[in-house]
Amino acid sequence: MSGGNALAVSMSLVAGVAGTVQIAVMGRLGDRIGVVPAFAFTGYADAVHQPWWLWLGGLMGAFVVLTITYAGPRLGTTATVAVFLVGQFAAAAVVDRYGLFGLDRIPVGWPRVLGLTLLAVGAALTLKK
């Protein structure tokens with residue numbers, strides 16, 4: 001795998017994590033100031049008074065867009081999405097397990113671990129040209 005492709009794979013995995021963080025924090029921001037204001041920034045005045053980490057959603061979204069712009073042409077759409085999803089699902093399992101960002105704790109049993117493993121294998125196979 002070339003250096004550009006390795007970077008694209010790494011960025012795609014991290015972007016998956018970023019997507020998960022974005023989901024978690026934007027959901028919490030929406031709970032606090034309303035879904036439409038959080039989405040449209042019409043609740044900017046209310047959002048300013050929220051904890052700093054609730055603003056991570058926008059930063060994570062920007063990183064996701066940067067990554068798909070860089071990785072898509074290098075890996076192909078299928079591989080980019082597959083690697084992104086592995087990163088996103090793995091991070092989501094961690095968020096669920098530990099109840100990060102104030103979310104409910106959800107156990108991660110062997111069926112989820114097996115599912116994540118199979119997803120990772122599938123994503124690895126999409127990298128083969």
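Here's a quick rundown of the structure. (Residues numbered from 1 in each chain as written. Predicted model: local features only at pLDDT ≥ 70, side-chain atom pairs only at ≥ 80, totals over all residues. Heavy atoms only, no water.)

**Concerning the overall build of the protein chain**
Here comes step 1: Summing up its helical and strand segments, the protein chain has six helices and zero strands in all.
Here comes step 2: Listing every helix and strand of the protein chain by position from the N terminus yields α-α-α-α-α-α.
Here comes step 3: With respect to the principal axes defined by its C-alpha atoms, the protein chain has extents near 50 × 35 × 20 Å.
Here comes step 4: Split into buried and exposed, the 129 residues of the protein chain put 32% on the buried side.
Here comes step 5: When contacts within the protein chain are restricted to residue pairs at least 6 apart in sequence, those whose partners lie at least 24 apart make up 69%.
Here comes step 6: Working note: accessible area of the protein chain is about 7,700 Å², and carbon and sulfur atoms make up 71% of it.
Here comes step 7: Here the protein chain contributes 8 positive and 4 negative side-chain charges, whose respective centroids are spaced 17 Å apart. (Helix = DSSP H or I, 4+ residues; strand = E, 2+ residues; numbered from the N terminus. Buried < 20%, exposed > 50% of the residue type's maximum accessible area, 1.4 Å probe, protein only. Contact = heavy atoms within 4.5 Å. Areas by Shrake-Rupley, 256 points an atom, 1.4 Å probe, with all protein chains shown as cover. Lys, Arg positive; Asp, Glu negative; His and termini not counted. Charge placed at Lys NZ, Arg CZ, Asp CG, Glu CD.)

**Section: the nonpolar core**
Here comes step 1: Among the nonpolar cores identified, the biggest contains 12 residues, and these are Ala15, Ala18, Val21, Val25, Leu29, Ile33, Ala38, Ala47, Leu54, Met60, Val64 and Phe84.
Here comes step 2: Contributing elements (two or more residues each) for this core: α1 (3–33) and α4 (56–75).
Here comes step 3: When residues no more than four places from it in sequence are discounted, the contact partners of Val64 are Ala15, Ala18, Gly19 and Phe84.
Here comes step 4: Ala79, Val83, Val86 and Ala123 belong to the second largest nonpolar core, which has nine residues in total. (Core = buried A, V, L, I, M, F, W, Y, C linked by side-chain atoms within 4.5 Å.)

**Observations regarding the packing of aromatic side chains**
Here comes step 1: Applying the stated criterion across every chain, the model contains one aromatic pair.
Here comes step 2: For the pair Trp53 and Phe101, a centre-to-centre distance of 5.8 Å together with 40 degrees between the ring planes defines the contact as tilted. Linking Trp53 in the loop between α3 (44–47) and α4 with Phe101 in the loop between α5 (77–98) and α6 (110–126), this pair joins segments that are 48 residues apart in sequence.
Here comes step 3: Taking the ring centre of Tyr70 as reference, the NZ or CZ of Arg74 above it sits at 3.8 Å. (Phe/Tyr/Trp six-rings, centres within 6.5 Å; stacked < 30°, edge-to-face > 60°. Lys NZ or Arg CZ within 6 Å of the ring centre and 35° of its normal.)

**Some points on the side chain of Gln88**
Here comes step 1: As for its position among the elements, Gln88 is in helix α5.
Here comes step 2: Among all residues touching Gln88, those that are not within four sequence positions of it are Gly16, Val17, Gly19, Thr20 and Ile23.

**Some words on the environment of Val108**
Here comes step 1: Relative to the elements of secondary structure, Val108 occurs in the loop between α5 and α6.
Here comes step 2: Each C-alpha atom of the pair Val108 and Ala18 lies 20 Å from the other, and the pair is 90 residues apart in sequence.
Here comes step 3: In this view, Val108 contacts Ala93, Arg97 and Val113; residues no more than four positions away in its chain are not counted.

**Considerations on α5**
Here comes step 1: Here α5 spans 32 Å end to end across 22 residues, near enough to the 32 Å set by a 1.5 Å rise per residue.
Here comes step 2: Here α5 has its buried residues at Ala79, Thr80, Ala82, Val83, Phe84, Val86, Gly87, Gln88, Ala91, Ala93 and Val95.
Here comes step 3: Where α5 is buried, its residues contact α1, α4 and α6.
Here comes step 4: Where α5 terminates, the next one or two residues include Gly99, which has phi positive at roughly 60 degrees. (Expected span 1.5 Å × (residues − 1).)

**A look at the pattern of salt bridges**
Here comes step 1: In this structure the tally under the stated criterion is one salt bridge.
Here comes step 2: One salt bridge connects Asp96 with Arg112, and the closest N-O pair in it is separated by 3.1 Å. With Asp96 in helix α5 and Arg112 in helix α6, this pair connects stretches of sequence that are 16 residues apart. (Salt bridge = Lys/Arg side-chain N within 4 Å of Asp/Glu carboxyl O.)

**Considerations on α4**
Here comes step 1: End to end, α4 covers 27 Å across 20 residues, agreeing with the expected 28 Å (1.5 Å per residue, within 8%).
Here comes step 2: The set of residues buried in α4 consists of Gly57, Met60, Gly61, Val64, Thr67, Ala71, Gly72 and Leu75.
Here comes step 3: Buried residues along α4 sit against α1 and α5.
Here comes step 4: Downstream of α4 by a residue or two, Gly76 has a phi angle that is positive, lying close to 95 degrees.

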